[in-house]
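Here's the letter readout for the chains.
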Amino acid sequence: MNWILSAEQIQSGDRSRVGGKGYALAQLARRGFNIPRTVCVTSDVYQEFVISTGLRERILLELHRKDFKEMRWEEIWDCATRIRNMFLSKPFPNDLSREIHIAIGDRFRDKSVAVRSSAPEEDDARSSFAGLHESYINVSGVESILKHIRLVWASLWSDAALLYRQEIGLDVEKSTMAVVVQETVAGDRSGVVFTKNPNDESQGIIESVYGLNQGLVDGTVEPDRWIIDRASNKIVTHTPPERKYWMIPGPDGVRMAELPGHKSSHPPLNSVEVDAVFQTALKAEDSFKMPQDVEWTYDGDSLVLLQSRPITTLRSDKKEDDRGWYLSLHRSFDNLKNLRQKIEDELIPEMIAVAENLSAIDPAGLSDQDLAAEIKERWETNHKWVNIYWADFIPYAHGVRLFGQVYNDALQPDDPYEFIDLLTNTDMASIARNNMLMELAGIIRSDQHLAEKLSQGDDSDLDNKFRSMIDEFIDKFGDLSCSVTGGKNCVLGTGPLYSLLLEMARHPAPAGGDQKSDRINSLKQKYLNSFDDDQKDRAVEMLELARSSYQLRDDDNIYLGRIEAQLLAAVQEAKLRLEDMPGRQASNMLKEVLKEVDFRTGAPHSDQAPNDVGERLKARQLVGQPAGPGIAQGRARVIRKHSDLGDFKHGEVLVCDAVDPNITFVVPLAAAVVERRGGMLIHGAIIAREYGLPCITGIPDATTLIKTGDAITVDGYLGIVTLGDSGL
Amino acid sequence: MVSKDQFRQRLKELFNTQKLAALSTHHSGQPYASLVAFHASDDLKHIYFVTPTTTRKFANLSADNRVAVLVNSSTNQAADFHRAISVTAVGKAEVVDGSGSETIMIQYLAKHPHLEEFVRSPSCALVQVAVDSYYMVKNFQNVMELHLEI
């Protein structure tokens with residue numbers, strides 16, 4: 001079978017083998033348009049690769065781990081990451097490798113190429129995969145081309161592509177991918193042309209930038225824009241941007257650079273060239289009998305078409321929006337760098353200051369009227385920061401993902417989450433809190449008299465050092481009572497803190513959290529050594545960004561928790577007053593404001609456990625994502641309401657709906673962590689990894705199928721929770 | 001979360017589409033597996049099969065009536081790992097004869113009409129497994145159990 005076809009060899013029956021992009025290029029070539037030298041690695045090669053390496057079934061197993069609809073976006077990203085790594089770490093079988101080496105080597109041995117996706121389901125008029133599958137520019141050398149072919153294949157399974165395919169109802173089992181390999185044309189002016197303006201069919205649109213097209217396509221370089229009247233071929237408007245940057249070939253791909261001054265004052269196309277581009281595109285439209293979206297570049301005076309596809313305007317706005325949202329979760333390195341600056345230099349210091357300012361006002365000293373106003377203000381402040389959390393902090397988490405991808409591309413490790421080890425042992429606030437707890441527990445452990453007094457609830461006669469440590473802890477992290485007794489109903493007091501410390505003191509200090517610095521140093525060296533010298537600085541920057549992003553994943557909740565705690569303290573004061581003096585006139589004001597701030601009323605998760613009468617349905621093995629390696633056994637402690645945390649005993653398995661950093665103070669006592677919410681980079685997984693605990697995330701109904709007291713085994717290697725013993 | 005009704009529905013679908021089951025018995029502690037053509041009752045409380053009384057499986061279950069029956073939807077392809085469902089029933093076997101056996105036999109033959117001659121042979125026995133519990137494996141490693149009310 002002819003696995004690789006040149007554009008000239010592609011026949012009309014080959015469309016399903018070469019994909020929309022490959023087929024359109026072949027038609028352009030056949031009809032005399034100027035296109036770069038192009039070959040198509042057919043979808044047969046993809047099929048041969050995934051079947052002969054066993055990847056086909058591994059991918060399907062990965063995707064059928066649980067119902068796709070039950071997966072959160074983060075879990076889908078994790079799936080995509082694991083699949084991408086499968087492609088990266090699987091070499092081509094020998095016969096396939098030989099054939100591709102010959103076909104690619106013959107044509108592009110010393111040339112730089114673009115490696116582009118061309119999925120058979122892509123670019124027809126029904127669905128648009130624009131931007132969802134990967135393309136790589138400026139790739140050189142046969143080995144590198146082979147690697148990038150595998151990366152394009154893997155992008156068939158990217159999170160965004162999976163979500164989109166699910167949304168438009170395409171069957172993942174039938175998904176396949178052809179790849180177009182195209183000689184790079186280092187055009188000095190490039191752009192796209194729509195032969196029909198989706199908003200006004202009497203017009204066409206040309207957008208153009210200096211350099212390569214990538215900046216225009218991904219939105220980082222602002223283009224010049226011409227609107228053209230289709231009937232008269234006259235330019236209706238020309239909108240010049242502030243021309244500042246262009247994309248040029250970089251060491252491995254493309255890079256953005258400042259546009260030289262003499263170019264920035266002139267549009268990339270003159271009016272004759274605008275006309276030439278538009279006329280060529282109209283010919284393509286005529287040829288394909290449909291309005292076209294054509295990518296082109298000028299190589300000197302020669303106009304070269306890079307691809308042509310039908311304009312997909314028939315799709316509903318909603319789907320367009322959703323695809324945009326999936327894509328927006330992937331931020332560029334530069335975007336994340338700016339976000340980091342904003343978060344670290346502005347938002348975090350402001351959050352800390354806000355919490356401090358609020359704590360300076362003692363609610364007990366306020367009049368009812370002022371207290372009501374204070375509650376309102378604190379509620380609004382809290383609300384504002386919750387919004388910032390979604391708008392800036394959540395997208396910033398992509399820094400970890402981006403680094404993971406860079407790390408996996410560079411090193412192709414067996415464990416696609418090896419990179420997380422390089423990010424751990426950062427100074428996370430929750431770890432600092434837990435270290436203080438362990439230090440306090442250590443003092444109690446070695447002082448039996450102190451332990452006895454605290455057990456009796458007597459803290460009147462603490463020695464000064466211990467007292468000041470406790471005060472410092474409460475000052476920094478609160479007395480944990482709200483976490484244990486629950487939201488706005490919390491009862492402030494040190495009881496829960498002492499109970500936790502006593503439980504910790506009754507058992508030896510956990511071995512986890514010890515210094516893994518040797519391993520981390522060697523991983524860091526391995527990572528940096530995988531880059532050429534001229535790329536090392538960027539690799540270091542990427543690592544620093546990821547560490548900051550990783551740390552913030554945990555800390556943002558702690559900082560947010562501090563602001564919320566101040567709101568709760570004011571609410572608490574109001575409730576005390578209402579209880580003490582129910583008939584007072586001003587109490588209505590307090591009642592009103594309490595109604596307004598009615599949030600966090602629920603426990604962490606309050607689903608009822610199913611009744612156990614007569615016939616019994618129960619879980620034996622539950623599969624989630626392996627999020628922390630290791631095996632542990634223990635009794636389950638299912639956190640359904642906040643007070644369950646207060647009962648947590650050493651050696652139990654923490655089972656909860658969603659671990660949030662404000663409850664992870666029990667983790668040093670835990671044997672393992674099981675979480676309903678899925679993902680490798682969620683708090684439960686991060687904190688478990690810090691303590692070296694087996695962890696499984698993404699088990700649907702974990703808190704209803706598992707009950708407190710159940711003997712469970714947590715297999716953090718495979719992601720399987722087993723309930724009960726081996727008996728029937 | 002799967003409900004008991006959904007669990008039962010999945011069992012029925014599987015039992016309706018599969019003809020063969022692996023039966024597990026033992027002899028002095030040595031496990032022994034054999035293939036049987038089975039039929040399950042509508043209420044899922046019983047699984048039936050027919051076997052010559054001269055067989056090892058019959059001798060084994062006569063000596064110890066505790067048995068396991070495995071039914072699965074695999075098709076001997078890699079895709080089985082994510083697609084197939086496998087169910088193990090655990091229970092106690094006994095020979096059914098006399099008045100009730102003819103009704104069961106008719107139902108059994110409706111599923112396996114080509115076995116008419118075989119099942120009517122005087123050397124064969126109709127065996128009923130009263131199921132205590134079902135263990136269903138899907139998505140490769142997800143296991144749920146249904147313990148029937150006895």
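Cut-offs applied
Residues numbered from 1 in each chain as written. Chains lettered and ligands numbered in written order. Predicted model: local features only at pLDDT ≥ 70, side-chain atom pairs only at ≥ 80, totals over all residues. Helix = DSSP H or I, 4+ residues; strand = E, 2+ residues; numbered from the N terminus. Rg over C-alpha atoms; globule rule 2.2 N^0.38 Å. Buried ≥ 20, exposed ≤ 12 C-beta atoms within 10 Å, placed from the backbone. Contact = placed C-beta atoms within 7 Å. Core = buried A, V, L, I, M, F, W, Y, C linked by C-beta atoms within 7 Å. Domains from an automatic or database assignment. Nonpolar A, V, L, I, M, F, W, Y, C, P; charged D, E, K, R; others polar. Expected span 1.5 Å × (residues − 1). Pairing = 2+ DSSP bridges. Axes fitted to C-alpha atoms, helices over the stretch in contact; angles between N-to-C directions. Parallel < 35°, antiparallel > 145°, perpendicular 65-115°, else oblique. Left-handed = near helix turned anticlockwise from the far one by under 90°. pLDDT = per-residue confidence, 0-100.

1. A look at the overall build of chain B
Thought 1: Per the secondary structure count, chain B includes 5 helices and 7 strands.
Thought 2: The linear arrangement of helices and strands in chain B, starting from the amino end, is α-β-β-β-α-β-α-β-α-α-β-β.
Thought 3: Here the C-alpha atoms of chain B give a radius of gyration of 15 Å, agreeing with the 15 Å that 2.2 N^0.38 yields for 150 residues.
Thought 4: If you line up chain B on its principal axes, its C-alpha atoms span 45 × 35 × 35 Å.
Thought 5: For chain B, the proportion of its 150 residues judged to be buried stands at 25%.
Thought 6: Taking the intrachain contacts of chain B between residues at least 6 apart in sequence as the baseline, contacts between residues at least 24 apart amount to 65%.

2. A closer look at the nonpolar core
All names here are of chain A.
Thought 1: The biggest cluster of nonpolar side chains holds 135 residues, and the ones touching the most others in it are Leu-501, Val-653, Leu-654, Val-655, Ala-670, Val-673 and Val-674.
Thought 2: A total of 17 residues in this core trace back to one element, the largest contributor, which is helix 22 (residues 533–580).
Thought 3: With residues near it in sequence (within four places) discarded, Val-673 still touches Leu-654, Val-659, Val-667, Gly-684, Ala-688, Leu-693 and Cys-695.
Thought 4: Counting 84 residues, the second-largest nonpolar core is a separate cluster that includes Val-45, Ala-178, Val-181 and Tyr-210.

3. Some remarks on the domain arrangement of chain A
Residues and elements named next belong to chain A.
Thought 1: As assigned here, chain A comprises domain 1 (4–183), domain 2 (189–326), domain 3 (333–596) and domain 4 (621–723).
Thought 2: On a C-alpha basis, the centroid separation for the pair domain 1 and domain 3 is 44 Å.
Thought 3: Listed by partner, the interface residues are 7 residues for domain 1 and 7 residues for domain 3.

4. Some details on unusual backbone geometry
Thought 1: Positive phi, close to 60°, is recorded for Asn233(A), a residue that is not glycine.
Thought 2: Relative to the elements of secondary structure, Asn233(A) occurs in the loop between strand 8 (224–229) and strand 9 (235–239).
Thought 3: Of note, Leu44(B) is a non-glycine position whose phi angle comes to about 65°, a positive value.
Thought 4: Structurally, Leu44(B) is set in the loop between strand 2 (30–40) and strand 3 (46–52).

5. Quick notes on the interface of chain B and chain A
Thought 1: Residue-level contacts link 21 residues of chain B with 22 residues of chain A.
Thought 2: Where the side of chain B that touches chain A is concerned, the elements lending two or more residues are helix 1 (4–17), helix 3 (80–83), strand 6 (124–138) and strand 7 (142–147) of chain B.
Thought 3: Take the side of chain B that touches chain A: its biggest share by element is 6 residues, from strand 7 of chain B.
Thought 4: The residue inventory of the side of chain B that touches chain A, partitioned by class, reads 12 nonpolar, 6 polar and 3 charged.

6. Side note on helix 10 (residues 271–288) of chain A
Thought 1: With 18 residues, helix 10 of chain A ought to run about 26 Å at 1.5 Å a step, and its terminal C-alpha atoms sit 26 Å apart, in line with that.
Thought 2: Directly after helix 10 of chain A, the chain includes Lys289(A), whose backbone phi takes a positive value near 60°.

7. Things to note about the sheet that holds strand 3 (residues 112–118) of chain A
Residues and elements named next belong to chain A.
Thought 1: With antiparallel pairing, 5 strands are arranged side by side in an open sheet as 1-2-5-3-4. Edge positions in the sheet fall to strand 1 (4–6) and strand 4 (135–140), since each of these pairs with one other strand and no more. When strand polarity is set aside, the average angle formed by the axes of neighbouring strands in this sheet is 25°.
Thought 2: Note that strand 2 (residues 38–41) and strand 5 (residues 178–183) share 4 bridges and pair antiparallel. In the sheet register, Thr-38 faces strand 5, and the bridge partner there is Gln-182.
Thought 3: Strands strand 1, strand 2, strand 3 and strand 5 of the sheet are contacted by helix 1 (residues 15–30), whose axis makes an angle of about 30° with strand 5.

8. Focus: the pairing of strand 6 (residues 189–194) of chain A
Regular strands show a simple pattern: their side chains alternate between the two faces of the sheet.
All names here are of chain A.
Thought 1: Counting buried residues along strand 6, 6 of its 6 residues qualify, which places the element largely inside the surrounding structure.
Thought 2: Inspection of the sheet shows strand 6 paired to strand 7 (residues 203–210) by 6 bridges, in the antiparallel sense. Counted as the bridge partner of Val-192 is Glu-207 from strand 7.

9. Digging into the packing of helix 4 (residues 73–89) of chain A against helix 14 (residues 398–411) of chain A
When two helices pack together, their arrangement is captured by the angle between the axes and the distance separating the axes.
All names here are of chain A.
Thought 1: For the pair helix 4 and helix 14, the least separation of the axes is 10 Å and the interaxial angle reads 10°. The pairing of helix 4 with helix 14 is recorded here as roughly parallel in orientation. The chirality of how helix 4 crosses helix 14 is right-handed. Touching Trp-77, Thr-81, Arg-84, Asn-85 and Leu-88 of helix 4 are Arg-401, Gly-404, Asn-408 and Asp-409, all from helix 14.

10. Comments concerning the confidence of the model for chain A
Residue and element names in this part refer to chain A.
Thought 1: On average, chain A scores 84 in pLDDT, and the residues at 70 or more come to 89%.
Thought 2: Note that pLDDT drops below 50 for residues 314–321; the model gives that stretch 5 contacts with residues more than four away or on any other chain.
Thought 3: Low pLDDT (under 50) marks residues 599–612, which in the prediction has 25 contacts with non-local residues, meaning those over four places away or in another chain.

11. Re the sheet that holds strand 12 (residues 292–299) of chain A
Residue and element names in this part refer to chain A.
Thought 1: Judged by pairing direction, the sheet is antiparallel, and its 6 strands sit side by side in the order 9-8-7-6-12-13 without closing on themselves. With partners counted over all chains shown, the strands left at the sheet margins are strand 9 and strand 13 (302–310), one partner each. Here the average twist between neighbouring strands, direction ignored, is 15°.
Thought 2: With 6 bridges connecting them, strand 6 and strand 12 associate as antiparallel partners. Note on strand 12: the bridge partner recorded for Arg-189 is Tyr-298.
Thought 3: Against the sheet, helix 10 engages strand 6, strand 7, strand 8, strand 9, strand 12 and strand 13, with an angle of about 135° to strand 12.

12. Observations regarding the packing of helix 3 (residues 55–63) of chain A against helix 4 of chain A
All names here are of chain A.
Thought 1: At a closest axis distance of 10 Å, the pairing of helix 3 and helix 4 adopts a crossing angle of 170°. Relative to helix 4, the element helix 3 is oriented roughly antiparallel. Residues Leu-55, Arg-58, Ile-59, Glu-62 and Leu-63 of helix 3 form the contact with helix 4, whose participating residues are Cys-79, Arg-82, Ile-83 and Met-86.
Thought 2: Of the residues contributing to the contact of helix 3 with helix 4, the split by class is 6 nonpolar, no polar and 3 charged.

13. Some words on the environment of Ile35(A)
All names here are of chain A.
Thought 1: Mapping Ile-35 onto the fold places it in the loop between helix 1 and strand 2.
Thought 2: We classify Ile-35 as buried; it has 22 C-beta atoms within 10 Å.
Thought 3: Those residues in contact with Ile-35 that sit more than four places away from it in its chain are Ala-7, Leu-25, Leu-28, Ala-29, Val-304 and Leu-305.

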